[in-house]
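# Working through the structure, step by step
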Amino acid sequence: MHSVLSRVNNVSSLFSTCLMVLLAAVALSSLFATADPKGRIDVVSLKVYNAKAKRYPFKEQEFGFVKFDIDADLTPLFNWNTKQLFVYLEAEYANSHGVNNTVVLWDRIVPRKEDAHVVVSSGRNKYKLKELYESFK
């Protein structure tokens, strides 16, 4: 008869083979799932103000305030393998020193497919938009 180690080896080999086949099926099913979400983003206004920074009270900085409208239908992104979405709006600009900056202005977590139609009217930036070199120009 077979020894205990031989039987444990056969059982673990069977389970690992089944697990690899299952993982390959998951990878192939996710590969063929394509999504085409539709959306629109409009910038309503962009205002820049000079103000004193909280961290450095004797230094003036420029702060940007953005108002925007978002209308996005993200329901095609949900499939059997998607539990939630993290949606964010970012701004990219170059300052006077030639450095490209990317700043996240707004974000939201979409937990369910029923909440996947994101509509934001007159939204404002959730996070500060400020330039470290004192001026956006």
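Computed from a predicted structure; not experimentally measured.

A count of helices and strands for the protein gives one helix and six strands. Moving toward the C terminus, one meets the helices and strands of the protein in the order α-β-β-β-β-β-β. In terms of overall dimensions, the protein has a C-alpha envelope of 85 × 35 × 25 Å along the principal axes. Across the 137 residues that make up the protein, the buried fraction comes to 22%. Residue pairs at least 24 apart in sequence account for 57% of intrachain contacts in the protein once pairs closer than 6 positions are excluded. Across the protein, the mean location of the 18 positive side-chain charges is 7 Å away from that of the 14 negative side-chain charges.

Before going further, it helps to spend a moment on the confidence of the model for the protein. Scored by pLDDT, the protein has a mean of 86; 95% of the residues are at 70 or more. Put simply, strand β6 (residues 129-130) is where the protein has its lowest mean pLDDT, 80, and helix α1 (residues 4-31) is where it has its highest, 91.

Counting 18 residues, the largest nonpolar core has F68, I70, W106 and V118 as its most contacted members. Looking at this core, the elements that each hand over two or more residues are β2 (60-73), β3 (85-94), β4 (100-110) and β5 (117-124).

A cluster of basic residues, K54, R55, K128 and K130, forms a positive patch on the protein surface. With respect to the secondary-structure elements, R55 resides in the loop between β1 (38-52) and β2.

Another point: the layout of surface pockets. To find the voids left in a structure, one rolls a probe of water-molecule size over its atoms. Considering only enclosed or pocket space, the largest pocket measures out at about 230 Å³ in volume. Around the largest pocket, the lining comprises 14 residues; the ones closest to its centre are L46, V66, A91, L105 and L129.

Let's shift gears to the packing of aromatic side chains. In total, this model carries three aromatic pairs according to the counting rule given. Seen from their ring centres, F68 and W106 are 6.1 Å apart, and the 70° between their planes marks the pair as edge-to-face. In this pair, F68 is assigned in strand β2 and W106 in strand β4, connecting sequence segments 38 residues apart. Each member of the pair F68 and W106 is classed as buried. An angle of 35° between the planes, with centres 6.0 Å apart, marks the rings of F86 and Y88 as tilted.

A positive phi angle is found at S122, which is not glycine, with a value near 55°. By the element assignment, S122 lies in strand β5.

What follows deals with the pairing of β3. As judged from the ten bridges shared by β3 and β4, these two strands associate in the antiparallel manner. In the sheet register, L85 faces β4, and the bridge partner there is V110. From the end of β3 to the start of β4, which pair antiparallel, there are five residues, and G98 there has a positive phi angle of about 80°.

Right, let's talk about the pattern of salt bridges for a bit. Per the stated rule, a full pass over the model turns up five salt bridges. We note a salt bridge from D36 to K38, for which the minimum N-O separation is 2.8 Å. Accessibility assignment for this pair places D36 and K38 in one class, exposed. Between K126 and D107 there is a salt bridge whose closest N-O contact spans 2.7 Å. With K126 in the loop between β5 and β6 and D107 in strand β4, this residue pair connects regions lying 19 residues apart in the sequence. Residues participating in the shared-partner salt-bridge network are R112, E114 and D115.

Rules behind the numbers
Residues numbered from 1 in each chain as written. Predicted model: local features only at pLDDT ≥ 70, side-chain atom pairs only at ≥ 80, totals over all residues. Heavy atoms only, no water. Helix = DSSP H or I, 4+ residues; strand = E, 2+ residues; numbered from the N terminus. Buried < 20%, exposed > 50% of the residue type's maximum accessible area, 1.4 Å probe, protein only. Contact = heavy atoms within 4.5 Å. Lys, Arg positive; Asp, Glu negative; His and termini not counted. Charge placed at Lys NZ, Arg CZ, Asp CG, Glu CD. pLDDT = per-residue confidence, 0-100. Core = buried A, V, L, I, M, F, W, Y, C linked by side-chain atoms within 4.5 Å. Patch = residues over 30% accessible without salt bridge, like charges linked within 9 Å, V, L, I, M, F, W, Y side chains within 5 Å. Areas by Shrake-Rupley, 256 points an atom, 1.4 Å probe, with all protein chains shown as cover. Salt bridge = Lys/Arg side-chain N within 4 Å of Asp/Glu carboxyl O. 1 Å grid on protein atoms, 1.4 Å probe; cavity = no way out; pocket = protein on both sides within 12 Å on 5 of 7 lines; lining within 4 Å. Points joined across faces, edges and corners; volume = space filled by probe spheres on them. Phe/Tyr/Trp six-rings, centres within 6.5 Å; stacked < 30°, edge-to-face > 60°. Pairing = 2+ DSSP bridges.

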